[in-house]
Amino acid sequence: ELVLGALLGCAQPDRFGREEVNDVRVRGDEDGLRFAAKSLRRFRCVLVGAHELERDERVQEAVVRLVDGALATLTQAAELCETAGKADEAGLAYTLWEWGHLYQGDYTPALALRDRALHALEQRFHHRWYMWARTGAALAHAWRGSWEQAVAEAQRLIDAGLPFPA
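Thresholds applied
Residues numbered from 1 in each chain as written. Predicted model: local features only at pLDDT ≥ 70, side-chain atom pairs only at ≥ 80, totals over all residues. Heavy atoms only, no water. Helix = DSSP H or I, 4+ residues; strand = E, 2+ residues; numbered from the N terminus. Expected span 1.5 Å × (residues − 1). Buried < 20%, exposed > 50% of the residue type's maximum accessible area, 1.4 Å probe, protein only. Contact = heavy atoms within 4.5 Å. Salt bridge = Lys/Arg side-chain N within 4 Å of Asp/Glu carboxyl O. Axes fitted to C-alpha atoms, helices over the stretch in contact; angles between N-to-C directions. Parallel < 35°, antiparallel > 145°, perpendicular 65-115°, else oblique. Left-handed = near helix turned anticlockwise from the far one by under 90°. Nonpolar A, V, L, I, M, F, W, Y, C, P; charged D, E, K, R; others polar. Phe/Tyr/Trp six-rings, centres within 6.5 Å; stacked < 30°, edge-to-face > 60°. Core = buried A, V, L, I, M, F, W, Y, C linked by side-chain atoms within 4.5 Å.

Novice: How do you make sense of helix α5 (residues 127-144) when you look at a structure like this?
Specialist: Over its 18 residues, α5 extends 26 Å from the first C-alpha to the last, a length consistent with the 26 Å expected when each residue adds 1.5 Å. Looking at α5, one finds that the buried residues are Trp129, Tyr130, Ala133, Arg134, Thr135, Gly136, Ala137, Ala138, Leu139, Ala140, His141 and Ala142. Phi turns positive one or two residues past the end of α5, at Gly145, with a value near 90°.

Structure, rendered in structure tokens:
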């Protein structure tokens, strides 16, 4: 069993300004869980760096413009990939599109795009894009405070990865 609360950014300040961590416990293969924890720590470092940049309003405005432009491009990319019969590449486009909404705090469209990514990946599986689609959905649930759904999503991700060697 691995406690992932702090790694998922679930720390909340208490009334004294100290951080309390809401634990998220996950069961699975020990090596797989250690790999997931290591990946989540790396992702957390990226997020902390991004949050520090948000303090500068000019940078924030530039990032919003870039993300909006990227979302428009990803919309076209997903449609073109599907039309061309490139299901795994469409899965990637939907996954990146999902993460764009995730970073903007638009969790409902992010979850809908997870479904579209998984549908595309059913036609031609790619383990990396599958992992990113499920991880984005787990974070969307966690950041909305839907802990049971976040844990269930993370468990589906771990279960899918167990057959693969580390």
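Moving on from the model shown.
Novice: What exactly am I supposed to notice about the side chain of His141 here?
Specialist: Examined against the element boundaries, His141 turns out to sit in helix α5. Other than its neighbours up to four places away in sequence, His141 contacts Leu111, Arg114, Ser146, Gln149, Ala150 and Glu153.

Novice: Would you mind going over helix α4 (residues 107-123) with me for this structure?
Specialist: Each turn of an α-helix holds 3.6 residues, which means side chains three or four residues apart point in the same direction. Over its 17 residues, α4 runs 25 Å from end to end, which matches the ideal 24 Å to within 8%, given 1.5 Å per residue. Taken together, the buried positions of α4 are Tyr107, Ala110, Leu111, Leu113, Arg114, Ala117, Leu118, Ala120 and Leu121. In this structure, the buried residues of α4 make contact with α3 (87-104), α5 and α6 (147-161).

Novice: In this structure, what is going on with the environment of Trp132? I would like to understand it.
Specialist: For Trp132, the position within the fold is in helix α5. Placed 34 residues apart in sequence, Trp132 and Glu98 show a C-alpha to C-alpha distance of 9.4 Å. Non-local contacts of Trp132, meaning those with residues more than four positions away in its chain, are made with Thr95, Glu98 and Trp99.

Novice: Would you mind going over the pattern of salt bridges with me for this structure?
Specialist: When the charged atoms of two side chains lie near each other, side chains of opposite charge can form a pair. With the rule as written, the count across this model stands at five salt bridges. Glu153 serves as the salt-bridge partner of Arg114, at 2.5 Å between the closest nitrogen and oxygen. Taken as a pair, Arg114 in helix α4 and Glu153 in helix α6 lie far apart in primary sequence, 39 residues in all. Classification of Arg114 as buried rests on a relative accessible area of 11%. Of the residues examined, Glu153 reaches a relative accessible area of 1% and is grouped as buried. Taken together, the shared-partner salt bridges in this structure form one network comprising Arg114, Asp115, Arg134, Glu153 and Arg156.

Novice: Could you clarify how one ought to interpret the packing of α5 against α6 in this entry?
Specialist: Packed helices, taken two at a time, are described by the angle between their axes plus the distance between the axes. Two elements in contact, α5 and α6, have axes separated by 7 Å at closest approach and are oriented at 165°. As the angle between them shows, α5 and α6 are arranged roughly antiparallel. The chirality of how α5 crosses α6 is left-handed. Residue-level inspection shows Tyr130, Met131, Arg134, Thr135, Ala137, Ala138, His141 and Ala142 of α5 in contact with α6, the latter providing Trp147, Gln149, Ala150, Glu153, Ala154, Arg156, Leu157 and Ala160. Each residue belonging to the contact of α5 with α6 can be placed in one class, and the counts come to ten nonpolar, three polar and three charged.

Novice: I would appreciate a short explanation of the packing of aromatic side chains in the present structure.
Specialist: Between two aromatic rings, the relevant description is the distance of the centres plus the angle of the planes. Per the stated rule, a full pass over the model turns up five aromatic pairs. Here the aromatic rings of Tyr94 and Trp97 are separated by 5.9 Å at their centres, their planes lie at 15°, and the arrangement is stacked. Taken together, the residues Tyr94 and Trp97, both in helix α3 and three residues apart, mark about one turn of the helix. Look at Tyr94 and you get buried, because its relative accessible area is 1%.

Novice: When you look at the nonpolar core in this model, what are you seeing that I'm missing?
Specialist: Proteins that are soluble and globular tend to have nonpolar side chains buried together. The biggest cluster of nonpolar side chains holds 17 residues, and the ones touching the most others in it are Ala78, Ala90, Tyr94, Trp97 and Tyr130. Elements that contribute at least two residues to this core include exactly α2 (57-83), α3, α4 and α5. Every residue in contact with Ala90, bar those within four places of it in the chain, is listed here: Ala78, Cys81, Glu82 and Ala120. Counting eight residues, the second largest nonpolar core, distinct from the first, contains Tyr107, Leu111, Leu139 and Ala140.

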